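Chain by chain, the residues run as shown.
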Amino acid sequence: IANHHVEREKLDAQIENTKKAEEVLKSNIEQSRIDIKKQQDKIIADAKFDGVYDVTYNEQTGLYKVKASDPDVAARYEYRLNSLGKTVKNLMQKYQEEHKRLNETKMSQQKILEESDIHGRNVERNFDLGDILQADIESSFVGMLYSIPILFGSEEYLNKKNQMDQ
């Protein structure tokens, strides 16, 4: 019985560490959103000031196309926006992978609890919450990619973002 108690304490500590790691992940995602939004706002304000009048996003290539009265200005903002877009996609992938690892850890902990007949007060039994976080990661970062054309008047991307948010 003492060994069983020690094992339970170890598992409880692991479960608690997993919960803390999930909270850190959520915090990191939110901070990334804030940082990217600041960068996006600056690029857009600068672009409008410099005469950019249209930005489109190609979902197939993942690239922005910029229109401005000066081709050099258009090229400069295409580069800036595509660099930011690459950062957004890399962060989304990183956070999705981290979430997947945490979710696998939670599922493993759940399985250990079930196999040892210790029914878990600590492990979420509703793994839909993991699915919700996964969907939130994707929609928030894809939404950032869509927001730039929206700010330049794209009805198409406004509709896509609205559909994604539903």
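Residues numbered from 1 in each chain as written. Predicted model: local features only at pLDDT ≥ 70, side-chain atom pairs only at ≥ 80, totals over all residues. Heavy atoms only, no water.

A.B. asks: Sorry if this is basic, but what is going on with the overall build of the protein here?
C.D. replies: In terms of helices and strands, the protein carries four helices and two strands. Going through the 166 residues of the protein one by one, you find that 37% of them count as buried. Pairs at least 24 residues apart make up 66% of the contacts formed inside the protein by residues separated by at least 6 positions. Within the structure as shown, the protein displays about 10,200 Å² of accessible surface, and the carbon and sulfur contribution to it stands at 52%. (Helix = DSSP H or I, 4+ residues; strand = E, 2+ residues; numbered from the N terminus. Buried < 20%, exposed > 50% of the residue type's maximum accessible area, 1.4 Å probe, protein only. Contact = heavy atoms within 4.5 Å. Areas by Shrake-Rupley, 256 points an atom, 1.4 Å probe, with all protein chains shown as cover.)

A.B. asks: What's the story with the confidence of the model for the protein in this structure? I'm lost.
C.D. replies: Segments scoring low in pLDDT should not have their predicted coordinates read at a detailed level. Put simply, the protein has an average pLDDT of 85, and 87% of its residues get 70 or more. Of all helices and strands in the protein, the one with the weakest mean pLDDT is helix H3 (residues 128-151) (78), whereas strand E2 (residues 63-68) scores best (96). Taken as a whole, residues 119-127 scores under 50 in pLDDT and shows 26 contacts with residues more than four places along the chain or in a different chain. (pLDDT = per-residue confidence, 0-100.)

A.B. asks: Sorry if this is basic, but what is going on with the packing of aromatic side chains here?
C.D. replies: Geometrically, a pair of aromatic rings is defined through the distance of the ring centres and the angle of the planes. Applying the stated rule across the entire model yields five aromatic pairs. Ring geometry for Tyr57 against Tyr64: centres 4.8 Å apart, planes inclined by 45 degrees, an arrangement best described as tilted. Of the two residues examined, Tyr57 and Tyr64, each falls in the buried class. Positioned above the aromatic ring of Phe152 is the side chain of Lys48, whose terminal nitrogen or guanidinium carbon lies 5.3 Å from the ring centre. (Phe/Tyr/Trp six-rings, centres within 6.5 Å; stacked < 30°, edge-to-face > 60°. Lys NZ or Arg CZ within 6 Å of the ring centre and 35° of its normal.)

A.B. asks: Which parts of the structure should I look at to understand helix H2 (residues 71-115)?
C.D. replies: For an α-helix, the turn length of 3.6 residues means that residues three or four places apart are oriented alike. With 45 residues, H2 should reach 66 Å at 1.5 Å per residue; the first-to-last C-alpha distance of 65 Å fits that figure. At the N-terminal end of H2, a side-chain oxygen is found 2.8 Å from the backbone nitrogen of Asp72, two or three residues along, and the residue is Asp70. (Expected span 1.5 Å × (residues − 1). Polar contact = N/O pair within 3.5 Å; in protein donor to acceptor, adjacent residues only side chain to side chain.)

A.B. asks: What am I meant to see in the pattern of salt bridges here?
C.D. replies: Side chains that differ in sign of charge can pair as their charged atoms come close. Evaluated as defined, the whole model comprises 11 salt bridges. One salt bridge connects Arg33 with Glu30, and the closest N-O pair in it is separated by 3.1 Å. One end of the pair, Arg33, and the other, Glu30, are both in helix H1 (residues 2-49), three residues apart, so they sit about a helical turn from each other. Here Lys65 and Glu78 are joined by a salt bridge, their closest N and O atoms 3.4 Å apart. Linking Lys65 in strand E2 with Glu78 in helix H2, this pair joins segments that are 13 residues apart in sequence. (Salt bridge = Lys/Arg side-chain N within 4 Å of Asp/Glu carboxyl O.)

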